[in-house]
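# Summary of structural features
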Amino acid sequence: MTKQYRAGQFVKVKVTNVRPYGAFVKTVDGVDGLIHISQVMDDFVQNIHHYLSKGQIVKCKIISVNDRDGKLNLTLKENEYFKRKSKKKKERSILDIIEETEEYGFESLRERLPIWIKEAKVQMYDC
């Protein structure tokens, strides 16, 4: 017997397949659903594989339930983990910091390059 699902309800699901347009999921009691790529986070998601993978278990909010087949349309936008990921993206780019510098001579580049490289590496590992 399957549980009755309704819009607005939170549910844990297991990712069964990831496609370029979204992730197919299944509830504990076997109900199928889809997390469309636009519902992963508020920011633009170019590659859904950076956020979801097969076998992963995530907590989602139900957007709607299909009347015909009972499949779920889900969102991760209210999942705290994905909200934090979205906020990190709003941090300033290293290019913004470079543009703020007043000096553009070769000497200033030689001095600043190691700092920029270090900051860029930190940002890469934070993603």
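Residues numbered from 1 in each chain as written. Predicted model: local features only at pLDDT ≥ 70, side-chain atom pairs only at ≥ 80, totals over all residues. Heavy atoms only, no water.

### Here's the deal with the pattern of salt bridges
Per the stated rule, a full pass over the model turns up three salt bridges. Among the ionic pairs, Asp32 bridges to Lys26, the shortest N-O distance being 2.7 Å. By relative accessible area, which is 32% here, Asp32 ends up partly exposed. Lys61 is the salt-bridge partner of Glu78, the closest N and O atoms lying 3.0 Å from each other. Linking Glu78 in the loop between β5 (72-75) and α1 (80-89) with Lys61 in strand β4 (residues 57-65), this pair joins segments that are 17 residues apart in sequence. In this structure Glu78 comes out as partly exposed when scored by relative accessible area, which is 37%. Overall, the relative accessible area of 21% leaves Lys61 in the partly exposed class. (Salt bridge = Lys/Arg side-chain N within 4 Å of Asp/Glu carboxyl O. Buried < 20%, exposed > 50% of the residue type's maximum accessible area, 1.4 Å probe, protein only. Helix = DSSP H or I, 4+ residues; strand = E, 2+ residues; numbered from the N terminus.)

### What about the sheet that holds strand β3 (residues 32-36)?
Within the closed barrel, the five strands sit side by side as β1-β2-β3-β5-β4. Their pairing is mixed. On average, each strand axis in the sheet is inclined to that of its neighbour by 50°, with strand direction left out of account. For β3 and β5, the ladder comprises three bridges, and the chain directions are parallel. Residue Ile35 lies in a different strand from β5, and its bridge partner there is Leu74. (Pairing = 2+ DSSP bridges. Axes fitted to C-alpha atoms, helices over the stretch in contact; angles between N-to-C directions.)

### Structural notes on the environment of Val28
For Val28, the position within the fold is in the loop between β2 (22-27) and β3. In the structure, Val28 is positioned 16 residues away from Lys12 in sequence and 7.7 Å away in space, judged by C-alpha atoms.

### Regarding the pairing of β4
Pairing analysis gives five bridges linking strand β1 (residues 10-19) to β4, with the strands arranged antiparallel. Along β4, the bridge assignment pairs Val11 with Cys60. Alignment of β4 against β5, held across four bridges, turns out to be antiparallel. Counted as the bridge partner of Lys61 is Thr75 from β5. Hairpin connection between β4 and β5: a loop of six residues separates the two successive antiparallel strands, and Gly70 in this loop has a positive phi of roughly 75°.

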